Amino acid sequence: MLGTAVINPPPTDAPVLQGLWDSVRAGQEQLLLSPYLPASCAFLMHVTLCAPFLVLDVLGSVCQRVRSWRIEAGSPPSLRRWYDCFGRLLYRYLTTVLPATALFQTALRSPTFPVQAPSCWQLFVQVFACFLLFDALFFIWHLSMHRFSWLYRKIHQHHHQHHIPFALAAQDASSAELLSQLLLALTSAWVVGCHPLSEVVFHILNTWLAVEDHCGYNLPWALHRLLPCMGGAPYHQAHHSLHSGNYAPYFTHWDKLFGTYYS
Ligand SMILES: [Zn+2]
Ligand SMILES: [Zn+2]
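Calculation notes
Residues numbered from 1 in each chain as written. Chains lettered and ligands numbered in written order. Predicted model: local features only at pLDDT ≥ 70, side-chain atom pairs only at ≥ 80, totals over all residues. Heavy atoms only, no water. Helix = DSSP H or I, 4+ residues; strand = E, 2+ residues; numbered from the N terminus. Rg over C-alpha atoms; globule rule 2.2 N^0.38 Å. Buried < 20%, exposed > 50% of the residue type's maximum accessible area, 1.4 Å probe, protein only. Contact = heavy atoms within 4.5 Å. Donors = N, O, S within 2.8 Å, 3.2 Å for Na, K, Ca; no water. Disulfide = S-S within 2.5 Å.

Peer 1: How would you sum up the overall build of the protein chain? Please name residues and give values.
Peer 2: For the protein chain, the helix and strand inventory stands at 12 helices and 0 strands. Along the protein chain, from the amino end to the carboxyl end, the secondary structure elements read α-α-α-α-α-α-α-α-α-α-α-α. Here the C-alpha atoms of the protein chain give a radius of gyration of 19 Å, agreeing with the 18 Å that 2.2 N^0.38 yields for 263 residues. In terms of principal-axis extent, the alpha carbons of the protein chain reach across some 55 × 40 × 40 Å.

Peer 1: Lay out the environment of tryptophan 69 in plain terms, naming residues and giving numbers.
Peer 2: Here tryptophan 69 shows up in the loop between α4 (64–68) and α5 (79–107). Taking relative accessible area as the criterion, tryptophan 69 reaches 17% and is therefore assigned buried. Through-space distance from the C-alpha of tryptophan 69 to that of leucine 33 is 42 Å; in sequence the pair is 36 residues apart. Residue contacts for tryptophan 69: discarding those within four places in its chain leaves Leu56, Gly216, Tyr217, Asn218, Leu219, Pro220 and Trp221.

Peer 1: Could you give an account of the coordination of the zinc ion (ligand 1), with specific residues and numbers?
Peer 2: Those donors, His142 (NE2), His146 (NE2), His156 (NE2), His160 (NE2) and His239 (NE2), are the protein atoms that reach the zinc ion (ligand 1), and they lie 2.0 to 2.2 Å from it. Given the relative accessible area of 17%, histidine 146 is considered buried. Since its relative accessible area comes to 3%, histidine 160 is described here as buried.

Peer 1: For the state of the cysteines, give the residues involved together with the corresponding values.
Peer 2: Scanning the model with the defined rule gives 0 disulfides in all. Of all cysteine sulfurs, the one in cysteine 215 lies closest to cysteine 63, which takes part in no disulfide; the gap is 16 Å. Overall, cysteine 63 belongs to the partly exposed group, its relative accessible area being 27%. Just so you know, cysteine 130 is unpaired, no disulfide at all, and the nearest cysteine sulfur is the one on cysteine 194, 3.3 Å from it.

Given below as structure tokens:
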């Protein structure tokens, strides 16, 4: 396991994390073992993280300043689009993601809860390593779906119905694509050898970044403005508009390396 092999800091430098981890283990261990927890949390987390962008979209119809942050000129998506997308997401989670992840948790995974919490450094490096690995795996998978027309039609085309995406559309994908993304995220955390706490932080940040990628706004405080190695919403929106290029989800190095980068 990469994370545990490479990182070996003193574990006592994170009393806050240890306290948090102890309280989670003491009160919620039974809940954490529920096979329905991963899908339920993933759905609720996605919807919750989209809520600020719903507020922006509503404000955008009356506030010029909010409209000026939009990448594509024109009106923000209507409440009807949000509502329809929410219905599709709920249906896919209930019919596919929930049963599949419950089966995965029951049959293949036996979560363990170590006594020791990760140190802050350990948590940072594990989460960062997860992002680097997930970004590379997703780049390969996404590029393949665009290169092979059968994969595109059967799996990825549904997501490309949004030429101008909005936050909730980050997960408006076919059942197969939703499951493949989940598998890539779980695989990344497994290969890195994440502590459960690091894995939770990775999944939360991963959901947030995917939502931000699709939000349709080039916000003044967006992460890609601070970290030029990240593409952010303009980078992914270019992919939706052009139907090609910018295949990596977050970082730009793979696209630059393979000549598929569009600014
Ligand atoms: Zn695509
Ligand atoms: Zn997308």
